[in-house]
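Summary of structural features
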Amino acid sequence: MACTGMLGLTSSPLILHSADSSSSSSKVCKGKCKTTPFSCFSNSATSAATIATASNCSDQVNVNNSNNTQKFTYSRASPSVRWPHLKLTETYPSSQTQFTVASPPPTHVVEDVGISRKASDSGDKEETQEGDGAESLHMNVNDETQQMLGRPSKTKAKKMTKLALKRAKDWRERVKFLTDRILGLKPEEFVADVLDDKQVQMTPTDFCFVVKWVGQSSWQRALEVYEWLNFRHWYSPNARMLATILSILGKANQEALAVEIFTRGESAVGNTVQVFNAMMGVYARNGHFDKVQQLLDTIRERGCEPDLVSFNTLINARLKAGAMVPNLAIELLNEVRRSGLRPDIITYNTLISACSRASNLEEAMKVYMIWSKAEQLFKDLESKGFFPDAVTYNSLLYAFAREGNVEKVKEICEEKVKMGFGKDEMTYNTLIHMYGKQGQHDLALQLYKDMKLAGRNPDAVTYTVLIDSLGKASKITEAANVMSEMLDARVKPTLRTFSALICGYAKVGKLVEAEETFDCMLRSGIRPDHLAYSVMLDIFLRFNETKKAMVLYQEMVFDGFMPDHALYEAMLRVLVRENKLEGIEKVIRDMEEICGLNPQVISSILVKGGCYDLAAKMLRLAISNGFELDRDNLLSILSSYSLSGRHLEARELLEFLRERAPGSKQLLTEALVVILCKAHQVDAALVEFSNTRGFGSFNGSSAVYETLIQGCNENELFGEASQVFSDMRFFGVEPSEYVYRSMVLIYCKMGFPETAHHLVDQAEKKGISFDSVSIYVDVIEAYGKLKLWQKSESLVGNLRQKCTTVDRKVWNALIQAYAADGCYERARAIFNTMMRDGPSPTVDSMNGLLRALIVDGRLNELYVVIQELQDMGFKISKSSILLMLEAFTHAGDIFEVKKIYHGMKAAGYFPTMHLYRIMIGLLCKGKRARDVEAMLSEMEEAGFKPDLSIWNSILKLYAGIEDFKKTARVYQQIQEAGINPDEDTYNTLIIMYCRDRRPEEGLSLMLEMRRLGLEPTLDTYKSMIAAFGKQQMLEQAEELFEELRSKGCKLDRSFFHLMMKMFRDSGNHSKAEKLMGMMKEVGVEPTIATMHLLMVSYGSSGQPQEAEKVLNNLKATGLNLDTLPYSSVIDAYLKNGDYNAGIQKLMEMKEVGMEPDHRIWTCFIRAASLCEHTSEVLILLNALRDVGFDLPIRLLTEKSKSQVSEVDHCLEKLEPMEDNAAFNFVNALGNLLWAFELRATASWVFQLAVKRNIYHHDVFRVADKDWGADFRKLSAGSALVGLTLWLDHMQDASLQGYPESPKSVVLITGTAEYNMVSLNSTLKACLWEMGSPFLPCRTRSGLLVAKAHSLRMWLKDSPFCLDLELKDAPSLPESNSMQLIEGCFIRRGLVPAFKDITERLGLVRPKKFARLALLSDDKREKAIRADIEGGKEKLEK
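Observations concerning the overall build of the chain
Scanning the chain for helices and strands turns up 70 helices and twelve strands. Going through the 1437 residues of the chain one by one, you find that 53% of them count as buried. The long-range share in the chain, meaning contacts at least 24 apart out of those at least 6 apart in sequence, stands at 66%. A total accessible area of about 65,000 Å² is found for the chain, and carbon and sulfur atoms account for 50% of it.

Focus: helix H53 (residues 1053-1066)
Here H53 contains 14 residues, and its C-alpha end-to-end distance of 20 Å stays within 8% of the 20 Å for a straight helix at 1.5 Å per residue. Burial in H53 covers these residues: Phe1055, Phe1056, His1057, Leu1058, Met1059, Met1060, Met1062, Phe1063 and Arg1064. Buried residues along H53 sit against helix H51 (1018-1030), helix H52 (1034-1046), helix H54 (1069-1081) and helix H55 (1088-1100). At the C-terminal side of H53, Gly1067 shows a positive phi close to 80 degrees.

Looking at the pairing of strand E6 (residues 1304-1308)
Sheet topology places strand E5 (residues 1269-1270) next to E6; two bridges connect them, and they run parallel. By the bridge assignment for E6, Ala1269 is matched with Leu1307. The sheet contact formed by E6 and strand E10 (residues 1343-1347) spans five bridges and is antiparallel. For Val1306, the partnering residue across the bridge sits in E10 and is Val1345.

Notes on the sheet that holds E5
The sheet built from four strands is open, its strands ordered E5-E6-E10-E9 with mixed pairing. Looking at strand neighbours, the two that pair on one side only are E5 and strand E9 (1335-1336), the edges of this open sheet. With respect to the sheet, helix H65 (residues 1276-1296) is in contact with E5 and E6, its orientation differing from that of E6 by roughly 165 degrees.

Let's talk about the packing of aromatic side chains
With the rule as written, the count across this model stands at 19 aromatic pairs. On the numbers, 5.4 Å between centres and 75 degrees between planes, the contact of Phe730 with Phe731 is edge-to-face. Here Trp1286 and Phe1334 contribute two aromatic rings whose centre-to-centre distance is 5.6 Å and whose plane-to-plane angle is 45 degrees, an arrangement assigned as tilted. Taken together, the residues span a long stretch of sequence, with Trp1286 in helix H65 and Phe1334 in the loop between helix H66 (1319-1330) and E9 at a distance of 48 residues. Exposure remark for Trp1286: the relative accessible area of 0% places this residue in the buried category. Aromatic rings pair up to connect Phe518, Tyr533 and Phe561 into one cluster. Across from the ring centre of Phe656, 4.9 Å away, lies the NZ or CZ of Arg620, which sits over that ring. Over the aromatic face of Phe1055 sits the side chain of Lys1022, whose NZ or CZ is 5.2 Å from the ring centroid.

Considerations on the pattern of salt bridges
Applying the stated criterion to the full structure yields 61 salt bridges. Glu861 is the partner of Arg858 in a salt bridge, and the nearest nitrogen-oxygen pair spans 3.0 Å. For Arg858, a relative accessible area of 16% puts it in the buried group. The salt bridge involving Arg1400 is made with Asp1396; its shortest N-O contact spans 3.5 Å. Taken together, the residues Arg1400 and Asp1396, both in helix H68 (residues 1391-1401) and four residues apart, mark about one turn of the helix. For Arg1400, a relative accessible area of 32% gives the class partly exposed.

Structural notes on the confidence of the model for the chain
Per-residue pLDDT for the chain averages 78, and the proportion of residues at 70 or more is 83%. For the chain, per-element mean pLDDT is lowest for strand E1 (residues 3-7), which scores 30, and highest for helix H63 (residues 1221-1235), which scores 93. In the model, residues 85-158 has pLDDT below 50 throughout and makes 245 contacts with residues more than four positions away in sequence or in other chains.

Things to note about the packing of helix H22 (residues 511-523) against helix H23 (residues 530-542)
Across the interface, H22 lies against H23 with an axial gap of 10 Å and an inter-helix angle of 150 degrees. One way to sum up the angle between H22 and H23 is to call them roughly antiparallel. Here H22 and H23 pass one another in a crossing that is left-handed. Contact residues: Leu511, Ala514, Glu515, Phe518 and Met521 in H22; Ala532, Tyr533, Met536, Ile539 and Phe540 in H23. Each residue belonging to the contact of H22 with H23 can be placed in one class, and the counts come to nine nonpolar, no polar and one charged.

Here we look at helix H50 (residues 999-1011)
Counting along an α-helix, one turn takes 3.6 residues, and residues three or four places apart therefore face a common direction. When the terminal C-alpha atoms of H50 are compared, their 18 Å separation across 13 residues agrees well with the 18 Å that a helix rising 1.5 Å per residue should span. Among all positions in H50, only Pro999, Gly1002, Leu1005, Met1006 and Met1009 are buried. Relative to the axis of H50, the buried residues are bounded by an arc of 115 degrees and lie together on one face. Positioned one or two residues after H50, Gly1013 has a phi angle of 85 degrees, which is positive.

What counts, and at which threshold
- Residues numbered from 1 in each chain as written.
- Predicted model: local features only at pLDDT ≥ 70, side-chain atom pairs only at ≥ 80, totals over all residues.
- Heavy atoms only, no water.
- Helix = DSSP H or I, 4+ residues; strand = E, 2+ residues; numbered from the N terminus.
- Buried < 20%, exposed > 50% of the residue type's maximum accessible area, 1.4 Å probe, protein only.
- Contact = heavy atoms within 4.5 Å.
- Areas by Shrake-Rupley, 256 points an atom, 1.4 Å probe, with all protein chains shown as cover.
- Expected span 1.5 Å × (residues − 1).
- Pairing = 2+ DSSP bridges.
- Axes fitted to C-alpha atoms, helices over the stretch in contact; angles between N-to-C directions.
- Phe/Tyr/Trp six-rings, centres within 6.5 Å; stacked < 30°, edge-to-face > 60°.
- Lys NZ or Arg CZ within 6 Å of the ring centre and 35° of its normal.
- Salt bridge = Lys/Arg side-chain N within 4 Å of Asp/Glu carboxyl O.
- pLDDT = per-residue confidence, 0-100.
- Parallel < 35°, antiparallel > 145°, perpendicular 65-115°, else oblique.
- Left-handed = near helix turned anticlockwise from the far one by under 90°.
- Nonpolar A, V, L, I, M, F, W, Y, C, P; charged D, E, K, R; others polar.
- Arc of directions from axis to C-beta.

As C-alpha cells, this is what we get:
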C-alpha cells in the first residue's frame, strides 16, 4: 500500500502523517494566518529544524504554501525503513511516499479527524485520516506496529481482488474528473453547474472524496460543494462527510463556519466520535482547550467512549493553550492511561516535542526538567512496546538542539545512526538551525555542504533556515547568495524563505532590496502573510515612505491581515509627524471597525503614537462605556497637555474623569500631582498635595512622593522636599533607594550634613546599599563646607572598615574638607596615604593641598608645594595654576599674578574666558590702564569677546582715573557689541558723568535706566546729589533727595551730611538746620560730625556765634567732646576776622583741660596765611606757642637747620592720625610759608611731604618721560611750590635733552575748591602772569595743556624762567605777599591788574595777560581800550 505524507515544521519537529498515495498534486488549504513565530516547513518526513522564535517582528514569519509545493521523495514511510533493526518485511509494494510542504500548527498531534472506513469498500485504503496527518499516522503506524507485534490490524486493507482494484481505479477517475472541473471554474461560475450536469455517476463516498480533494485547494469551493449536496439531498447525512468538511474548515482557520456547520449537522449524524474529534481538531488548532474539554465531556455524556485520537487532540489543544508547566506532559500521559487507552507513538512524539518547545524558561533547573522529561518519555516508549522511530529521534534531537546542548545533540545523532537511521533532511535542518542560532554560521554552512555530499537534497526548509540565520546575523550578502543557490537548485522559495530574506534586508536597513524581494515574491505567485506585510510596512515607516506604507497597509487590510499594536503606533507617529489627519482618522476607523479594538486599547495605541488629543477623546469614550481607567495612558495624555501649556484642558479631562470614574479618585489625584511636577509646576503640585494629604490619599503611593521630591530638588525647593519626605515617613510609606539618595543630597545642599549622614545609616540598616560613592562624597563635602572635618574623618573611617579600598573620590573629598578650614598638614597626610596605599592622587588631590594653603593665608608656600609635587613626578595642571592665580588675584598681588600668567602661557596652557575676566578685573582695580588695554587686545586676538562683566570693570577703571573720553568709548563698544547694559554699567556711567561735572547727562541716563526696569543704587543717587551741589543746581539735588525720601529708602547719615554741605556752601543755612529735624524723624541720630557740619555752615555764613551755640548745646548733653567741635567754632571766628574770639576759645580749651591738637594748629596756621599784616600773623602764632606748639612761629622768625628735623618729626607724629592730619597741616604750612616769602623753607617742607608719601611721589613726572603733573588737593601755596619745582625740572630736561618730552604736557589742577581757594584759578593766574604756553583743555575742565615744543622754548627764553630757584626773604615782610580774591590766591601786586584785565576783557591768552600785566596803569588802560574797540570793529564787520 502506497502512503503519502504531509509534513510541517514549526517550533518543534513534525510527525509523519499518511495520506493518499495518488494525490501527488494535493495542496494544503491556505488560511488567514495569525502572527506566529517564524517557522519553516520542509518536505522531509522527519524534519526537526525550525527558524527560532525572536522577540521582534522582523524575526516572525508565517508560511503560506498553497502555491509553493515542492515535491520530494521520502523512503522512510514503511515499517521496514522506520525500524530497520527489527528486520521487518514489506507487506505492500510502496517504495516511496510523496509529501507536500504544508502549513501545520505548532504541535504535532491530530487536529482533524480521519474517517473510519470499511475494508470491503473499493479504495477504502485511500481514505486514511488526514487532519494534520496526526491521526493517519496514528492509524497506519499503529497498525504496522500491531502487525509487527503479532496482532492483526483493524484498519489495514486486505488483499484486493482484480474487480476491487478496477473499482478503485474507477472511483479515483470519477473523483478526479469532478474535482478538476470544479477547480477549473471561474470565480463568477458556480459549483451547481458542474454537479447538476451529472456527467458521471457518483456514490456518497465519492462525494466525500470530492469535498476532500477540492478542499485541499479551495475551502470556499469545498464548502460550496457541501452546501449544494445538502441542498439537493443527493446523499443521506453521514459522519464521514461532516467530519471531512469540518477538517477542511479547520485547516483554513474558519472556526466560525465550522461551528455553524457542526451545530447544524451534528444532530443528523448521531453521536459519532469521529465528528466530535473533527470539531475538537478545529478548536485545538486555535488553542481553545476549554472548548475541546467541553466536547470531550459531551462525548462521554452521550454514551460514546473517546478514542486515542480524542485524547491526542486534547493534548494538542492543552499544549497550544499555554506554555508548558512543570510535569504537565507526565500528567497528560497519565490521563490517557487512566482512560484505559494505551498511548501510541503520536502521543509520545507530541509530548516530547512539547517538552522541547518549553525551553524558553530561564531557570537552569527547569531546563533540566524539560530534558529529563523528554528522556523519560523516550525510555517509556521502549518499555511499552513502542520502539522509537526516526520521528522520535528527531523530536528528541530537536529538544536538545533547541537548548543549544551540542554534546547531547551529537550523542543522539550517533545513537540514531547506530540504530540504523541515517541523517535525513530533518536531522540536517535541525543541526543547521542550531548552529545558526548560536552564531556559528561557518558550521551551519559546512553542514549544508555535507548534506549535499551525503546525497540529501536541501529542501525549502534547509535554505530558509540558512537565510534566516544569516539575516539575523546581519550577513545579508551571504543570505542573498544562499537564495541564489536555492534558485539554481530549482527549489522554489516559500513564503517563509522570502520573509526571512526580507527580514534580513530590513534589519540592515536596505529598503530597496527588501522592496525588490517583496515584489519578487508577489510576482512568483506567493501571497504575503501577516508577518511579510508587517515587516515591509515597518521598513517603509522607518524610511518615511509614508505613501508606500499606506498603500501596503490597504493591501494588507484587504487580504484580511491587520497590523499589531506596535505597528499601528509606528504608523500613527509617522502620520502625526507629517500631519496626515485623514490617514490618522482612517487608521482609527480600521482599529474600531475591522480590528474590533475597544476604546481603551485604541486610546493606549494613540498615546504611544503621539495622538494625544484623539487619545483623550477615546479615553473619555472608554470611561463612558465602563472601562477601567488606564494609569499610563492618563499620565501620558496629561503630560502632553502640560508640556504644551494646555493646563486648562488637562484639568477639564481630570474633572470629567472624576465625575465618571469615582473609583479612580486616588489615581486621578496622584496623576494631577505627578503631571504638575512633570510640567515644572511644582508649586501647584505642592498645593494639590497639601489639600489631599490630610485625608491620607497618598498613603500607599510612593510614586507621588518620589515625583514631588524630585520636582522640589530640581527647583531647589529643599524645605518643601523635606516636608514631603516627613509626610512620607509619617504615613508609613517606605522610601526607595532613589528617595534616600535624593534626600541625602537635598540635606547636604541645605547645610544639614548630620541629617544626611543619619539617612545614609538608616538606608544601610534597611539593606539598601549605595553602589556609587557619590552619596558619601556629598556628605563629606557638606561637612567640609561647615568646617566639620572631624565628622568627615569619622565617615571615612567607617568606610575604611567596610571596604578594602577607599575610593579616590572619597579621599579627595576629605582633602577638600580639610582645605576648607585651612588644615594643610592633615590634607597632606591624606595625600601621603594615597601615595603609599593607593589609589594614586589626582589633580583634585593636588588642588586640595593648594587650596588648604590659600585658605590658611600661606601663599608664600605655594611655590614650595608646587616644586615638591613636580619632584614627585606630577605635572602641574591648568586648574592648579588657575587656583594659584585666583589666590594672588584676591590678595591684589599684581606682580605675582602676571608672573603666574606668563608662566602658564609658557607651559602651553591657553587662557580661558574666566582667566581673562579675573585678570582684567585685578588690573582695573590696580588702575593699570595700559596693561588692561594690552590684555583686552590679546583676548580679542585669541578669539574671545569681552562680556559685560569685563566691560563694566574697564568702565570703572576709566571712570576711576577720570579718563571720561575712554569711558564713553567703552560704553559705545558695549552698544556696538549688542550687549544690554546692566545696573552696574549704568551706575558706573552716571557716576562718571557726575565726576565730569555733567550731572544733567547723568540724570538723563538715570531716566533711561528706569525705563528699562533697572534701579540706580543709593551710591549713584549720592553721586548725583553731590554733582548737582557742586554745580550749584540745588533744585535738582533737592528733588533727588526728596525722591529718595518719598520712596521710603533708608538713607544713612552720609546723605544728610551731603545735603548739609551743599546748603552750607550755598549759604542756605536754614535748610541745613531743618535737616537736623529730618534726621531725627527717620531715626538717624546726629553725631558730633553732624554738629561739626552745622557749625561749619554757620561759620561759612559769618555767624560764629550760632556755631558757638551748637557747641554749647553739645557741652550740655554731657558728651565727651574732642577738638573737632572746638575747631569748627574757632575756625568760624578766625574766618570772620575775629582773631581775639578765636584765641579766647583756644584758651577756654586749655582751661577745661583739652589739649589743642592738629585741628587747632591747622585752623590758626590757615588763618595766619590769609592775614594781611605780619603783626596779625604773629598774634595768632604766638597764641599757639602759648598753648605749647611753637613750631610755626619759629619757622617764620628763626633760621635753624634743626627746623628740618623738627618738621619731619612733627609730620611723623601726624601721619597715623585721622582726618588727614598730616596732609592738612602741610597744606596750611605751605600757604603760610609761601605767603610770607619763606619759599626755600616751603620747598623743603614740600619735599618732606613727598618723601613721607603725604603728597604723592608722582606729583610731577618729568623723570618718567611723562612731564605731566598732578597738583589736585594741594593747597595754593604748596601747589605754587610744586609748580616752581616742576618748571625747574622741565627746564633742566629741555636744556639737557633728556628725558625727552611727549608731544604735549598736561597739568592737572582739578576743579574743586579747598577752604575757599580754587587751585585751578590760582595756577592759571600764576602761569598767565609768566606768559606760559599752557592753555585750558577744551574737552576736560581742570586740565592745562601745553605743546612740548612751545613749552621748551618758553622755558629757555622767558625772563620769568631765568631764575626758578626758590629762596627765603632775608627778613620777614611787613605784609602778606599773596591775596585771596574770588577764590584765587595770587600775588598782591598783581591784584589791580588782574581785576582790570579779567573784568574788562574776560579770559585772555597767557602771553597777552603777561604783556598787559607788566604795563603801567596808563598804558594798560590804553591797550585794553584799544582791544575793546578792535573787538567792536570786528563784530561790526
